[in-house]
Amino acid sequence: MGATRKVLVTATNYSLLCAEAKRLLEENGCEIIENRVGRPHTFEELVPLVGDIDGVVAGVDTWDEAVFKLAPKLKAIARFGVGVDNIDLPKAREYGIKVTNVPGGNANAVAELTVGLILSSIRSIPALHQSARRGYWDRRVGEELAGKTVGLLGFGNIAQMVAKKLQGFDVKLIAYDKYPNPAKAEELGVELVECDDVLKRGDVVSMHLPSLKETRRMMSDAQFAAMKPTAHFVNTARGALVDEEALYRALESGTIAGAAIDVYEQEPVSADNPLFRLDNLITTPHTAAETAETYRRVGLVTAQALLDAFAGKQPDNLL
């Protein structure tokens, strides 16, 4: 390959969980600069790192023109996951930077956590855990998932896996998608409906839409008001889909019964986020895709994408 290529990895735990991918890059003449902060980098943290990098294995840090101007050698960004709303694709093209992702690479991991959050919310599992550890005997009464209607906002790879995993729970499955897949819906026993129907009928409403201009803050006061007062809302997609102030109002007022979210409008999320004052909210730190299996699989795909880009080839999943 010639001269050493510098690859910045902003995804976390790279050496620990992506050893094969790291070895593949190093064996092909790449120097790896790993994430040392254990979370997405701020712009100020990226500034001293990007001046001479050739490629990036990107987490959910923001990659826009302000960063591209500081990275004249940058040739490719391999997104460590699916969503690329944190990458300015038009500006990347303008600066000659190839951008790839890994569609479906983390779908199973996200689907499994989604099911876990649904159960945690309707049974108050985290609160019961904390109660027991403090020596209390707070045997609060939860709800069973069996017999409930689970509504999926979006019906792509992850939502389809959620539907498959929920089939054994004896639930009614409904889903909305702008570009529906009737064959897959029939296969999984899912009724395709309008967005409003998901909100009105769902005992659980789970978010699985992409973050786009038209979906930004699509869950706001009116949408939460349309849900059942006994309903639970789950978001493992993107924080930008939800107006967090509206979610706070819905939870605080009892408009909905509970919520479980893995993503936030601003990440890393601040400890003083008002949502954290609510006891009917369960939170995780954008960790739905964080499994050993996902890291290995996505790590190898992103490493190969960078090597292909460096070699002048068209990488798979070029956006």
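Residues numbered from 1 in each chain as written. Predicted model: local features only at pLDDT ≥ 70, side-chain atom pairs only at ≥ 80, totals over all residues. Heavy atoms only, no water.

Caption draft 1: Focus on the overall build of the chain. When helices and strands are tallied, the chain shows 13 helices and twelve strands. Computed over the C-alpha atoms, the radius of gyration of the chain is 21 Å, within 12% of the 20 Å expected from 2.2 N^0.38 for a compact globule of 319 residues. In terms of its C-alpha atoms, the chain occupies a principal-axis envelope of roughly 65 × 50 × 35 Å. For the chain, the residues scored as buried account for 48% of the 319 residues in total. Of the roughly 15400 Å² of accessible surface on the chain, 50% is carried by carbon and sulfur atoms. (Helix = DSSP H or I, 4+ residues; strand = E, 2+ residues; numbered from the N terminus. Rg over C-alpha atoms; globule rule 2.2 N^0.38 Å. Buried < 20%, exposed > 50% of the residue type's maximum accessible area, 1.4 Å probe, protein only. Areas by Shrake-Rupley, 256 points an atom, 1.4 Å probe, with all protein chains shown as cover.)

Caption draft 2: Examining the UniProt feature "domain: D-isomer specific 2-hydroxyacid dehydrogenase catalytic" (unreviewed entry) in the chain more closely. With numbering aligned to this structure, UniProt lists the feature "domain: D-isomer specific 2-hydroxyacid dehydrogenase catalytic" (unreviewed entry) at residues 16-318. Helix and strand shares over residues 16-318 are 36% and 14% respectively, and the end C-alpha atoms of the span are 27 Å apart. (UniProt positions renumbered as here; feature names shortened; annotations may be inferred.)

Caption draft 3: Structural view of the UniProt feature "domain: D-isomer specific 2-hydroxyacid dehydrogenase NAD-binding" (unreviewed entry) in the chain. Per the UniProt annotation, the sites labelled "domain: D-isomer specific 2-hydroxyacid dehydrogenase NAD-binding" (unreviewed entry) are residues 115-288. Taken end to end, residues 115-288 is 33% helix and 16% strand, and its first and last C-alpha atoms sit 11 Å apart.

Caption draft 4: Spatial organisation of the sheet that holds strand β1 (residues 5-9). Taken in spatial order, the five strands of this open sheet run β2-β1-β3-β4-β5, and their pairing is parallel. With one partner strand each, in any of the chains shown, β2 (30-33) and β5 (98-100) form the two edges of the open sheet. For this sheet, the mean angle separating the axes of adjacent strands, direction not counted, is 20°. As paired strands, β1 and β2 are joined by four bridges and run parallel to one another. Residue pairing for β2: Lys-6 is matched across the bridge by Glu-31. On the sheet, helix α2 (residues 19-27) packs against β1 and β2 and is oriented at approximately 140° with respect to β2. Contacts from helix α13 (residues 292-310) reach β1, β2, β3 (55-58), β4 (76-79) and β5 within the one sheet, and its direction differs from that of β4 by about 165°. (Pairing = 2+ DSSP bridges. Axes fitted to C-alpha atoms, helices over the stretch in contact; angles between N-to-C directions. Contact = heavy atoms within 4.5 Å.)

Caption draft 5: Structural view of the domain arrangement of the chain. Assigned domains of the chain: these are domain 1 (5-105 + 291-311) and domain 2 (143-283). Using only C-alpha atoms to locate each centre, domain 1 and domain 2 end up separated by 30 Å. Each side of the interface is counted separately: domain 1 has seven residues, and domain 2 has five residues. Both faces combined, the contact of domain 1 with domain 2 buries some 460 Å², and carbon together with sulfur accounts for 53% of it. Here Arg-238 makes a salt bridge to Asp-85, at a shortest N to O gap of 2.8 Å. On inspection of domain 1 and its partner domain 2, the count reaches one residue pair in polar contact (both at pLDDT 80 or more). Of the residues in the side of domain 1 that touches domain 2, the class split is two nonpolar, two polar and three charged. (Domains from an automatic or database assignment. Buried area = accessible area lost by both parts, 1.4 Å probe. Salt bridge = Lys/Arg side-chain N within 4 Å of Asp/Glu carboxyl O. Polar contact = N/O pair within 3.5 Å; in protein donor to acceptor, adjacent residues only side chain to side chain. Nonpolar A, V, L, I, M, F, W, Y, C, P; charged D, E, K, R; others polar.)

Caption draft 6: How the structure looks around the environment of Ala-76. On the secondary structure map, Ala-76 appears in strand β4. Along the backbone, Ala-76 and Thr-215 are 139 residues apart, and their C-alpha atoms lie at a distance of 27 Å.

Caption draft 7: Region of the structure containing the packing of helix α6 (residues 107-123) against helix α7 (residues 125-133). Relative orientation of the contacting elements α6 and α7 amounts to 60°, with a least axis distance of 6 Å. Contacts between α6 and α7 involve Leu-119, Ser-120 and Arg-123 on the former and, on the latter, Ile-125, Pro-126 and Leu-128. Here the contact of α6 with α7 is built from residues that sort into four nonpolar, one polar and one charged.

Caption draft 8: Examining a nonpolar patch on the surface more closely. On the surface, Phe-43, Val-47 and Leu-70 cluster together to form a nonpolar patch covering roughly 220 Å² of accessible area. One can find Phe-43 in helix α3 (residues 43-46). By relative accessible area, which is 37% here, Phe-43 ends up partly exposed. (Patch = residues over 30% accessible without salt bridge, like charges linked within 9 Å, V, L, I, M, F, W, Y side chains within 5 Å.)

Caption draft 9: Quick look at the packing of α2 against α13. Axis separation between α2 and α13 bottoms out at 8 Å; the angle between their running directions is 15°. As judged from the angle between their axes, α2 and α13 are roughly parallel. The two elements α2 and α13 meet at a crossing, and its hand is right-handed. For the pair formed by α2 and α13, the contact residues are Glu-20, Ala-21, Leu-24 and Leu-25 on the first element and Arg-296, Gly-299, Leu-300, Ala-303, Gln-304 and Leu-307 on the second. Across the contact of α2 with α13, the residue classes tally to six nonpolar, two polar and two charged. (Parallel < 35°, antiparallel > 145°, perpendicular 65-115°, else oblique. Left-handed = near helix turned anticlockwise from the far one by under 90°.)

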